[in-house]
Structure formats: structure tokens, C-alpha cells
Amino acid sequence: MLETLKIGILGGGQLGAMLIRHAIDLGVNVSAMDKDPQAPCSRYTSSFICADPTSYEAVLEFGKNMDVITIEREAVNIDALRQLEKQGVKVYPSPETIAVIQDKYTQKQFLQSHNIPVVPGVAIQGKNELYAIEDKLPGCLKKRRDGYDGYGVMVLKSKADIEAAFDAPCVLEELVDIKHEIAVIVARNEQGEVKCYDAVMMQFSGEKFILDYQIAPAQLDASILGQATALAEKVAEAFKLVGIIAVEMFITKDNQVVVNELAPRPHNSGHHTIEASITSQYEQLLRAIIGMPLGETDLRFPSLMMNILDSTYLNANKKDVLTRLLAIKGAHLHWYGKIDHRPGRKIGHITIAGDTMESIVAKAETIRKVLN
Ligand code: ADP
């Protein structure tokens with residue numbers, strides 16, 4: 001049955017590529033679609049379609065021969081997915097779930113309506129509206145759509161910052177006094193079975209909102225972790241999700257757990273599950289969307305994941321860097337094979353597995369030195 005099943009992935013980046021690797025283990029057929037002809041997925045399946053996932057016609061054409069459609073990015077054409085669903089194609093996560101999450105403000109409203117704690121925020125159409133609510137500053141301004149890796153996020157300290165603010169539909173959030181940032185990935189299948197991964201804890205680099213490294217399991221109080229897990233499961237139930245969802249949360253200085261944002265697809269915060277968990281997030285997503293039982297989510301050992309970002313240094317010293325990374329004991333390298341270069345872009349990641357958290361955190365220093 002699995003060998004005749006056709007799964008289509010909208011988006012062809014590294015998350016899709018890792019999904020394909022795991023689909024191969026399950027023997028299912030996978031196609032991927034991305035507008036970049038050199039997207040990572042193009043090297044992983046002979047059924048790669050070069051077309052834009054935000055185009056109605058392209059998504060309809062791609063999906064009509066599939067049994068199941070899933071996503072590896074949120075920027076996809078919702079109307080086409082609704083139409084495909086009417087034609088009998090299974091779309092997981094559902095078009096309605098993706099539509100709510102595509103927009104940071106409707107996402108917030110949805111969570112609030114389900115009594116899930118979020119950072120309070122107001123919607124604005126453009127930066128001129130900020131002057132009328134300048135009493136809400138300092139705040140965190142976020143583009144409602146298409147932000148990623150912090151590119152659609154800026155802190156506004158005072159009225160003086162409004163001039164340089166994004167002039168687009170945004171949400172102005174209260175500035176949170178963040179103690180920790182964590183993420184919990186949760187899976188839910190067609191039968192309503194729910195399984196949660198251990199929380200991971202993020203470490204961000206100072207100047208930009210880009211992840212420096214993350215550790216799993218998060219080194220936090222059991223009661224905070226319990227709250228985080230309960231919230232993540234509540235989110236999956238609220239959407240009646242079929243698939244997986246990453247729930248990013250803040251732990252505030254006064255130990256409140258609030259949801260920051262959602263990603264209903266494989267997520268950067270689950271890369272380590274390939275090596276460190278009994279079932280990876282990728283296999284779990286596949287199990288969920290093809291009606292199979294979910295796999296165990298237990299961690300087999302503590303782990304640390306560091307993204308590798310494109311830089312001129314790395315490009316000039318690639319062989320030396322890769323050789324030194326692969327020499328680190330317990331290191332698993334994932335190189336995405338991206339062909340075009342853009343400084344700051346994620347071009348790989350490295351997962352360190354070890355016996356103790358102390359020993360693997362010490363290795364993060366070694367990795368950082370190799371990468372710079
Ligand atoms: P993206 O979708 O681009 O990843 P996020 O909403 O996750 O954007 O925000 C990026 C980062 O900005 C967060 O990881 C956090 O460090 C910081 N941030 C986001 N919202 C707030 C807030 N309300 N207050 C303080 N810092 C925030």
C-alpha cells in the first residue's frame with residue numbers, strides 16, 4: 001500500500017529534503033515543488049516540479065495526482081489547497097490551519113480564542129498608525145506575513161524608531177522580558193493520537209534574532225516543562241491537527257509560559273530528532289499524514305544542534321571546515337547542498353550527541369571556532 005501512495009510536498013528546501021530522506025525509509029513516493037530549480041529537494045527526488053507554491057494553478061496541477069499534500073513552508077496557495085481537498089486529496093495540515101498560521105495576527109487571535117496564553121499585540125496596516133499608539137512603545141513590531149529567522153521582526157524602543165519601522169501590515173507586540181526561548185514539537189494523526197517531543201531550548205546570538213544553537217532536552221524546571229507540553233498539546237487539539245506543529249514559546253522573567261509562534265510543518269527546532277529521538281520529526285509527520293500509528297518520541301541521548309550559516313569565510317575554506325567538523329567526535333553533519341550563496345542563509349546544520357549536556361555544550365565552542 002505504501003509503495004503506491006503519492007505524497008506531494010509544497011516547498012523544496014532542506015526541511016523537504018530531510019522529509020524525503022525519511023519517506024524513502026517508509027517506501028512512499030514523494031514529489032516536491034519549489035520555484036527555485038536548484039532547491040535542495042531537486043537533488044532528492046526525480047519527481048521535482050519547478051513551480052511556485054503560491055500560485056493557484058501550479059498548486060492545483062501539482063496536487064491533482066497526489067493522495068496527500070503536505071508543506072515544508074507556510075507560504076502556499078490556500079485556495080488551491082481548499083479546491084484539492086474538495087477533489088478528494090488529503091491536505092495535511094488542513095488549508096484552514098495553514099491560513100490561520102500564515103498571518104501572525106490571526107494566529108494570535110486563534111490562540112487567544114482557545115485560552116492559550118500569547119504575547120498581547122495590536123494589528124496595524126502601516127507605520128503611520130504607530131503614531132496613534134505610541135504609548136504602547138517600547139514594543140516588538142512583526143510583519144503579519146512571510147517573516148522568517150527574525151527578518152520580519154524589529155524592536156521599537158520609542159517614537160523616534162517609528163520612522164524606520166516596517167511600512168506593512170504588522171502586529172505590535174508588548175516587549176517581553178524573555179528568560180528562555182523553547183520549542184515543543186507535537187504530532188497528531190488522523191485517529192486523534194497525540195505525541196509530544198521533549199522541549200528544546202534556544203540560544204540566540206546577540207546582534208540578530210538568529211539561532212546560535214539549541215539543546216535537547218531543555219534544562220528547565222519540570223513544572224515549566226509540564227506547562228509547555230500541555231500548551232503544545234492544546235494547540236494541536238485546537239487545530240484538530242493532522243501532522244506536526246512546532247510551538248515556539250517564551251519563558252518570561254517571572255516564569256510565565258507564553259506561545260510566541262507556530263509552524264505546522266517540520267521545524268528547525270526538530271533537526272536533532274534525526275539522531276537523538278527514536279522517531280524523527282520527519283518520520284513522525286509521514287506517519288501522521290498516512291494514517292499510521294505515531295512513533296515513540298523519547299530522546300535517546302542529550303543533543304545540541306547548531307545551524308551552519310553561509311559566509312565568505314566558509315565559502316573560501318569549505319573543504320577545511322567540513323574536514324574539521326567531521327573530525328569532532330559525536331558530530332553529525334547535514335550539508336544542504338545549496339548552490340547559490342547568500343550570507344547568513346542556513347546551508348547546513350550539525351548535531352552533537354553525547355553522554356552529558358556539559359560535554360556537548362563544550363563542543364559547541366569547538367564548532368563555533370571551526371565555523372568562523
Ligand atoms: P520569526 O518568525 O522571524 O522567527 P519570531 O516571532 O520568532 O520571528 O521572533 C524572532 C525573535 O524575536 C524571537 O526568537 C525573540 O528572540 C524575539 N522576539 C519576538 N517577539 C518578541 C517580543 N514580543 N518581545 C521580545 N522579543 C521578541
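The structure contained in this document is the topic of the report that follows. The residue numbering used here restarts from 1 in each chain and proceeds along that chain's sequence as written. Totals for whole chains, interfaces and linings use every residue, but because this is a predicted model, local features are given only for residues with pLDDT of at least 70 and side-chain atom pairs only at 80 or more, for both listing and counting. Note that the side-chain values use all heavy atoms of the structure and ignore hydrogens as well as water.

## Overview of the sheet that holds strand S7 (residues 139-143)
Only when DSSP finds a minimum of two bridges between them are two strands counted as paired. Helix and strand labels come from DSSP, where a helix needs a run of H or I of at least four residues and a strand needs a run of E of at least two; each type is numbered from the N terminus. Taken together, four strands build an open sheet; the order of strands is S6-S9-S7-S8 and the sheet is antiparallel. Bordering the open sheet on either side are strand S6 (121-124) and strand S8 (153-156), each of which pairs with just one other strand. Within this sheet the neighbouring strands show an average axis-to-axis angle of 25 degrees, counted without direction. Only the contacting stretch of a helix is used when fitting its axis, a line to C-alpha atoms as for every element, and angles between N-to-C directions run 0 to 180 degrees.

## Some thoughts on the environment of valine 100
Take valine 100: it is sitting in helix H4 (residues 95-102). Linking valine 100 and leucine 111, residues 11 residues apart in sequence, is a C-alpha distance of 9.9 Å. Whether two residues are in contact is decided by their heavy atoms: any pair within 4.5 Å suffices. Look past the residues within four positions of valine 100 in its chain and what remains in contact with it is Thr106, Gln107, Phe110 and Phe239.

## Focus on the sheet that holds strand S2 (residues 29-34)
Think of a sheet as strands paired side by side through backbone hydrogen bonds, with each pair either parallel or antiparallel. Spatial strand order, S3-S2-S1-S4-S5: five strands in an open sheet with parallel pairing. Across the chains shown, the open sheet's two edge strands, defined by having one partner strand only, are strand S3 (48-50) and strand S5 (90-91).

## With respect to the environment of isoleucine 133
If you trace the backbone, isoleucine 133 turns up in the loop between S6 and S7. Between the alpha carbons of isoleucine 133 and valine 122 there is a distance of 9.3 Å; along the sequence they are 11 residues apart. Setting aside residues up to four positions removed in sequence, isoleucine 133 forms contacts with Val122, Ile124 and Leu172.

## Things to note about the packing of aromatic side chains
Stacked, edge-to-face and tilted labels apply to pairs of Phe, Tyr and Trp rings (six-membered ring for Trp) whose centres lie within 6.5 Å, assigned for plane angles under 30 degrees, over 60, and everything in between, in that order. Per the stated rule, a full pass over the model turns up two aromatic pairs. The interplanar angle of 15 degrees and the centroid separation of 4.0 Å between the aromatic rings of phenylalanine 110 and phenylalanine 239 together place this pair among those described as stacked. Of the two residues, phenylalanine 110 is situated in helix H5 (residues 104-113) and phenylalanine 239 in helix H6 (residues 222-239); the sequence distance between them amounts to 129 residues. Residue classification places phenylalanine 110 among the buried residues on the basis of a relative accessible area of 16%. For every residue, the accessible area obtained with a 1.4 Å probe (protein chains only) is divided by the maximum for its type, and the residue is called buried under 20%, exposed over 50%, and partly exposed between those limits. According to the relative accessible area criterion, phenylalanine 239 is buried, its value standing at 9%. Only lysine NZ and arginine CZ atoms are considered, and such an atom sits over a ring when it is within 6 Å of the ring centre and within 35 degrees of the ring normal. Directly above the ring of phenylalanine 166 sits lysine 143, whose terminal nitrogen or CZ lies 4.7 Å from the centroid.

Such coordinate-based values are descriptive only and should not be taken to indicate function.
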